[in-house]
Amino acid sequence: MLTPFSISLVPKSLKNRIAGVILILLSLLVSSNSYIQPGHTKSKAAIQHKNEPKPRMFLITVIDSYDDTIGRRCETDMEDILFAFEELSDWLDVKMENPKIISGDKFSKAGVNDAIDNWLRSQRPTKIDIVVFYYSGHGFRYPGDASEYPRMWLKTNTDRNTSTTNLRMEQDIYDRIIKMGAGVNIVLSDCCNTSVVGETAAFDEINVPIRKRVSHKKPEEDDSTDDIDNADRLFIPPHPLSILATAAGRDEFAGGKTETGGFFTNYLLDALDQCIFESKLDPTWQSIFEYVDENAGYWARSAPCPTAKHNEQGRCVQMVKFKVEDGD
């Protein structure tokens, strides 16, 4: 009659050998195979192993720098965005690939399509990577557009026809980018969202505070990790994250000045500073866009908007439109 095997019947010397083998196998398994969300060697942050790939950041900027009315303002936006995300990539210990800058003679619908379909696709983004798309220029919408988000007007010297030079921020940019496979996708546009393309309001005489570009020194290994953790929460979350945000809602102008850039961009970067480097804002995208909405909207009301959405006093109404989609 068979009886159940008992470990007590195994000689003590053999037991010790078995235990040793098991411990060795477990240590090898943990050190070589387990996937850990890339991060930093700080407390409360995940540890990146030597054999794991380093996260990458891909930045596409589309800038209407030649425009007669807002070109210089768009250039300010571009400089601020490039400075901010280059600094963020260093702070996050993320490898930033050379940004794809579409401006000047390269500014076109074909240039944007090539950046997404060829350049970005060739980079083969993975779930540990970050993709940022940023547009500063003229935006508009057709009366029948279902999306709350605008179209980019990607005019050129030879083609200013809106029907042949537009791309929709939601369907043509956001929906396409999130299919590329990156873990974090951020699509931003600082542009108007009205049915009249190319029209602007007079904001240049308004005394808006100018945000300075400030380099922040990364903390030493034994310093406080709150700022590192805040950056991780925003840009290296433990789950997939996709964000679509634009400066203005349906039928609204997007305000800005040459010196400050667009109000949306100015206060977006200010909010990131306050979240990451100053711990004055909760490190959530909801808090960030609420801050941008409040401050950009305040300065937008400084100018009259006779043709776009306005309040009872005839002043511009500008409300940030955004959505944050995350999941397992």
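These numbers come from a predicted model, not from an experiment. (Residues numbered from 1 in each chain as written. Predicted model: local features only at pLDDT ≥ 70, side-chain atom pairs only at ≥ 80, totals over all residues. Heavy atoms only, no water.)

(A) Focus on the packing of helix 6 (residues 263-276) against helix 7 (residues 285-300). It is the contact of helix 6 with helix 7, at a shortest axis distance of 8 Å, that shows an interaxial angle of 140 degrees. In terms of their interaxial angle, helix 6 and helix 7 are classed as oblique. By crossing handedness, the relation of helix 6 to helix 7 is classed as right-handed. Note on element contacts: helix 7 touches helix 6 through W285, I288, F289, Y291, V292, N295, A296, W299 and A300, opposite F263, F264, Y267, L268, D270, A271, L272, Q274 and C275. (Axes fitted to C-alpha atoms, helices over the stretch in contact; angles between N-to-C directions. Helix = DSSP H or I, 4+ residues; strand = E, 2+ residues; numbered from the N terminus. Parallel < 35°, antiparallel > 145°, perpendicular 65-115°, else oblique. Left-handed = near helix turned anticlockwise from the far one by under 90°. Contact = heavy atoms within 4.5 Å.)

(B) Representation of the packing of aromatic side chains. Counted by the stated rule, this structure contains 11 aromatic pairs. A centroid spacing of 6.3 Å and a plane angle of 90 degrees characterise the contact between F85 and F235, whose relative ring orientation is edge-to-face. Taken together, the residues F85 in helix 2 (residues 71-92) and F235 in helix 5 (residues 226-235) connect sequence positions 150 residues apart. The two residues F85 and F235 agree in class, both being buried. Of the aromatic side chains, those joined through ring pairs into one cluster are F85, F235, W285, F289 and F322. (Phe/Tyr/Trp six-rings, centres within 6.5 Å; stacked < 30°, edge-to-face > 60°. Buried < 20%, exposed > 50% of the residue type's maximum accessible area, 1.4 Å probe, protein only.)

(C) The arrangement of the state of the cysteines in detail. Per the stated rule, a full pass over the model turns up 1 disulfide. Covalent S-S linkage joins C305 and C316, the inter-sulfur distance amounting to 1.6 Å. Negative torsions about the S-S bond denote left-handed disulfides, and the value of about 80 degrees found for C305 with C316 makes this one right-handed. Here the residue C305 occupies a position in the loop between helix 7 and strand 12 (321-326), and C316 occupies one in the loop between helix 7 and strand 12, the gap between them amounting to 11 residues. (Disulfide = S-S within 2.5 Å.)

(D) Spatial organisation of the pattern of salt bridges. The final tally for this structure, using the stated rule, is 12 salt bridges. Ionic pairing is found between E97 and K95, a salt bridge with its closest N-O pair at 3.7 Å. Ionic pairing is found between K323 and E170, a salt bridge with its closest N-O pair at 2.8 Å. You can see K323 sitting in strand 12 and its partner E170 sitting in helix 4 (residues 169-177), a full 153 residues away along the chain. For E170, a relative accessible area of 16% puts it in the buried group. One continuous salt-bridge network, built from bridges that share partners, spans D64, D67 and K155. (Salt bridge = Lys/Arg side-chain N within 4 Å of Asp/Glu carboxyl O.)

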